[in-house]
Protein chains: 2
Amino acid sequence: MPSRPTAGGAYKMVLVVRGELRLTAGKAAVQVAHAAVMLYQEAERRRAPTLEAWLAGGQKKIAVVAPTLDAMLELQRTARGVGLATVLVEDAGFTEVAPGTKTVLGIGPGPENEVDRVTGGLPLL
Amino acid sequence: MPSRPTAGGAYKMVLVVRGELRLTAGKAAVQVAHAAVMLYQEAERRRAPTLEAWLAGGQKKIAVVAPTLDAMLELQRTARGVGLATVLVEDAGFTEVAPGTKTVLGIGPGPENEVDRVTGGLPLL
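This is a predicted model, so every value here is computed, not measured.

1. Observations regarding the side chain of K12 of chain A
All names here are of chain A. Mapping K12 onto the fold places it in strand β1 (residues 11-18). Looking at K12, the relative accessible area reads 2%, which means it is buried. A distance of 2.6 Å separates the side chain of K12 from the side chain of D116, its partner in a polar contact.

Here it is, written out as structure tokens:
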């Protein structure tokens, strides 16, 4: 991730998919989209100053993978600890996984360097 | 799609990925999330009555595939023709595709039966 080109992007959103669930591409995409919309709502609710900056920079989003639920929850604690907004998507569970399964952790939008300090070591989805 | 269980869901959003681009799972997920956030913004802007109903029903989203750009644009015309909101994601093009490439068509949120009439025949991502 640190080697990926950035989109004029001082701000980004990171969507962390729970790798152990081995979701199909379509299921993963939908869960990632749930997280993105939830973070957007959360930023609006807080009138987060980062929201406008993130939108102006092209709504940069990155999808990465954490191996397990424990790893995902640990990332959430770390992100919250540095003041980044987080959301945890729970699937309705009609397909692929049981109802209430936590599938994706969303972080941000936040300053790129802060977000990278939390998720920069994770592989891309 | 008509055979998929619905999430108390009278309303849904459909994200149509352009199959010929053969995006990686991660790239597709991010483009789908762009479309979902853009549709959400668009629905807020129009104060769409469907937005609250869709949120109350669990923000149902489905990711499907259309083979080509032409097929995607034809779906957009059809969706607009029946009054559904649409967005077309253009990728910034830093990876995988050239800048400005149209990657995903977003439709909705709209009544499930109306949306299915447009995209119900497409395979899931």
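2. A look at the interface of chain B and chain A
If you look at the interface, chain B gives 27 residues, while chain A gives 26 residues. For the pair chain B and chain A, the summed buried surface comes to about 2200 Å²; carbon and sulfur atoms form 69% of the total. Sorting the residues of chain B by area buried against chain A places V37, K61 and F94 of chain B first, and these three jointly supply 22% of that buried surface. Counting the contacts that link chain B with chain A gives zero salt bridges. The tally of links from chain B across to chain A stands at eight residue pairs in polar contact (both at pLDDT 80 or more). If you list the elements that add at least two residues to the side of chain B that touches chain A, you get α1 (25-45), α2 (49-56) and β2 (61-66) of chain B. Among the elements that take part in the side of chain B that touches chain A, α1 of chain B stands out by supplying 13 residues, more than any other. Classifying every residue of the side of chain B that touches chain A gives 17 nonpolar, seven polar and three charged.

3. Structural notes on helix α4 (residues 112-119) of chain A
Residue and element names in this part refer to chain A. Within the sequence span of α4, burial applies to E112, V115, V118 and T119. One face of α4 carries all of its buried residues, which in axial projection span an arc of 125 degrees. Next to the buried residues of α4 lie β1, α3 (69-81) and β4 (102-111).

4. Some remarks on the sheet that holds strand β3 (residues 86-90) of chain B
Residues and elements named next belong to chain B. Taking strand neighbours across the sheet as the criterion, the four strands line up as β2-β1-β4-β3 in an open arrangement whose pairing is mixed. The two strands at the open ends of the sheet, each matched to only one other strand, are β2 and β3. Taken pair by pair, the neighbouring strands of this sheet meet at an average axis angle of 20 degrees, ignoring direction. As judged from the six bridges shared by strand β1 (residues 11-18) and strand β4 (residues 102-111), these two strands associate in the antiparallel manner. Following the sheet pairing, L15 is matched in β4 by G106.

5. Notes on the packing of aromatic side chains
Across all of its chains, the model carries one aromatic pair over all chains by this definition. Look at Y40 of chain A and Y40 of chain B: their rings are 5.6 Å apart centre to centre, the planes differ by 75 degrees, and that puts the pair in the edge-to-face class. Here Y40 of chain B lies in helix α1 and Y40 of chain A lies in helix α1 (residues 25-45), a pairing that spans two chains. There is no split in this pair, since Y40 of chain A and Y40 of chain B are both buried.

6. Let's talk about the relation of the copies chain B and chain A
With an axial shift of 0.0 Å and an RMSD of 0.0 Å, the rotation relating chain B to chain A amounts to 180 degrees. The transformation just described matches what one would write down for a two-fold rotation axis. Of the interface residues in chain B, 96% have counterparts in chain A that sit at the interface too, so the contact is made through matching surfaces.

7. Comments concerning the pattern of salt bridges
Under the defined criterion, the tally for this structure stands at 18 salt bridges over all chains. The salt bridge involving E90 of chain A is made with K102 of chain A; its shortest N-O contact spans 3.4 Å. Of this pair, E90 of chain A sits in strand β3 (residues 86-90) while K102 of chain A sits in strand β4, and the two are 12 residues apart along the sequence. With a relative accessible area of 47%, E90 of chain A lands in the partly exposed category. The salt bridge involving R18 of chain B is made with E20 of chain B; its shortest N-O contact spans 2.7 Å. The buried category is assigned to R18 of chain B, whose relative accessible area is 13%. Three or more residues joined by partner-sharing salt bridges are found here, namely K12, K60, E112 and D116 of chain A.

The rules we used
Residues numbered from 1 in each chain as written. Chains lettered and ligands numbered in written order. Predicted model: local features only at pLDDT ≥ 70, side-chain atom pairs only at ≥ 80, totals over all residues. Heavy atoms only, no water. Helix = DSSP H or I, 4+ residues; strand = E, 2+ residues; numbered from the N terminus. Buried < 20%, exposed > 50% of the residue type's maximum accessible area, 1.4 Å probe, protein only. Polar contact = N/O pair within 3.5 Å; in protein donor to acceptor, adjacent residues only side chain to side chain. Contact = heavy atoms within 4.5 Å. Buried area = accessible area lost by both parts, 1.4 Å probe. Salt bridge = Lys/Arg side-chain N within 4 Å of Asp/Glu carboxyl O. Nonpolar A, V, L, I, M, F, W, Y, C, P; charged D, E, K, R; others polar. Arc of directions from axis to C-beta. Pairing = 2+ DSSP bridges. Axes fitted to C-alpha atoms, helices over the stretch in contact; angles between N-to-C directions. Phe/Tyr/Trp six-rings, centres within 6.5 Å; stacked < 30°, edge-to-face > 60°. Least-squares fit on C-alpha atoms with pLDDT ≥ 70 in both.

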